[in-house]
Amino acid sequence: MTRLRYLLLSIICLLGFALAQYPERPVEFVVPWPPGDLEDILTRLIAEEMQQETGVPAAVVNMPGGGGLVGAIDVFQKPADGHSVGSFVIGIPTVQVMNGNAPYARDDFEAVGIFLTYPFVIATRADAPYSNLAELAAYSQDHELSLGHFGYGLVPTRATLLSLEDLGGKYASEAAFDVLDCSSLASGDADVINTTIQLILPCLDEVKILASISQERLSIAPDVPTLSEQVEGWENIFLWNGLFVKKGTPQEVKDLLSTVAQRAINSDAAQDLAETTGAAVYWMDASASQELIDQNWEQLEAILKRMGDL
């Protein structure tokens, strides 16, 4: 055996050994939001499945702040070895980059797969004197309304602000919150919030849903029209969440993460959550996910230009 051939075989064996050892230490699934929402619950199921599959500890780490940027930056600063995995919404690889808020570039994260379309809604108190977006727009012309959202750079926030403008209305003020739930409306922190059904499930009888920011009407609120049903030009705008790793992560690592995630997403627990909340819970592979991200980039770029941010 020649020396070169021996070296090559040695390298191949060493690489195979290294890959076989993944994960070599605990895996962190970074959720850049507080605990309790859909992405958090589903990512915990994925982490549990990862631990069962490998025998190595895996857990969710919640890192809220900055409209998701705090958690995204943490993953970006870690090695590209699959031990830090981001559970990110659409805005992390798109709007935050476009706005110049992110220290990472458009392609610094690679999608492992998308697994959730949120049942995102625009909601208000049950006793509010408006029941849809047109009535909200009319009311806002003579009354000051405050909007609570998860971050100015996020898709639902932009859609909520611009769609009301399209109807001739406006919000007098807007503010970002880490959590938007039943208490946000009850305490008067905001007159209108855009949040997920999951966070207001305990008080659905105390709130009024004005619209869903989703592809179709929500199964648990079938009488509530979608945003696109009420305002023209807002088709194909919805909020998704997926798993991301830093660019350069070995393919074998991404394949294992994908296999584990698919198993978790197809579990009874995940599908029961979908049925309870009206969320779409599924697995979209890396290729299809990247195609969707590219489409979203174009859509969101147009939205930001319209708002004067680009």
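In what follows, the structure referred to is the one given above.
Asks: What is the right way to read the sheet that holds strand 5 (residues 120–125) from this model?
Replies: Strands pair in a sheet through their backbones, by hydrogen bonds, and they do so in one of two ways: parallel or antiparallel. With mixed pairing, the 5 strands of this open sheet are ordered in space as 7-6-8-5-9. Looking at strand neighbours, the two that pair on one side only are strand 7 (173–176) and strand 9 (207–213), the edges of this open sheet. For this sheet, the mean angle separating the axes of adjacent strands, direction not counted, is 25 degrees.

Asks: What's the story with the packing of aromatic side chains in this structure? I'm lost.
Replies: Two aromatic rings, taken as a pair, are described by how far apart their centres are and by the angle between their planes. Applying the stated rule across the entire model yields 10 aromatic pairs. Note on Phe76 and Phe109: the rings are 6.3 Å apart at their centroids and 70 degrees apart in plane angle, and the pair reads as edge-to-face. A residue pair is termed long-range when its members are at least 10 positions apart, and Phe76 in helix 3 (residues 69–77) and Phe109 in strand 4 (residues 109–117) qualify at 33 residues. Classification of Phe109 as buried rests on a relative accessible area of 6%. Ring centres of Trp240 and Phe244 lie 6.2 Å apart, and the angle between their planes is 20 degrees; this geometry places the pair in the stacked category. Accessibility classification places Trp240 together with Phe244 in one group, the buried group. Three or more aromatic residues joined by ring pairs make a cluster, and in this case those are Phe76, Phe88, Tyr104, Phe109, Trp240 and Phe244. The residue whose ring lies beneath Arg106 is Trp297, and the NZ or CZ to ring-centre distance is 4.1 Å. Across the ring face of Phe76, the terminal group of Lys246 is positioned such that the distance to the ring centre comes to 5.2 Å.

Cut-offs applied
- Residues numbered from 1 in each chain as written.
- Predicted model: local features only at pLDDT ≥ 70, side-chain atom pairs only at ≥ 80, totals over all residues.
- Heavy atoms only, no water.
- Pairing = 2+ DSSP bridges.
- Helix = DSSP H or I, 4+ residues; strand = E, 2+ residues; numbered from the N terminus.
- Axes fitted to C-alpha atoms, helices over the stretch in contact; angles between N-to-C directions.
- Phe/Tyr/Trp six-rings, centres within 6.5 Å; stacked < 30°, edge-to-face > 60°.
- Buried < 20%, exposed > 50% of the residue type's maximum accessible area, 1.4 Å probe, protein only.
- Lys NZ or Arg CZ within 6 Å of the ring centre and 35° of its normal.

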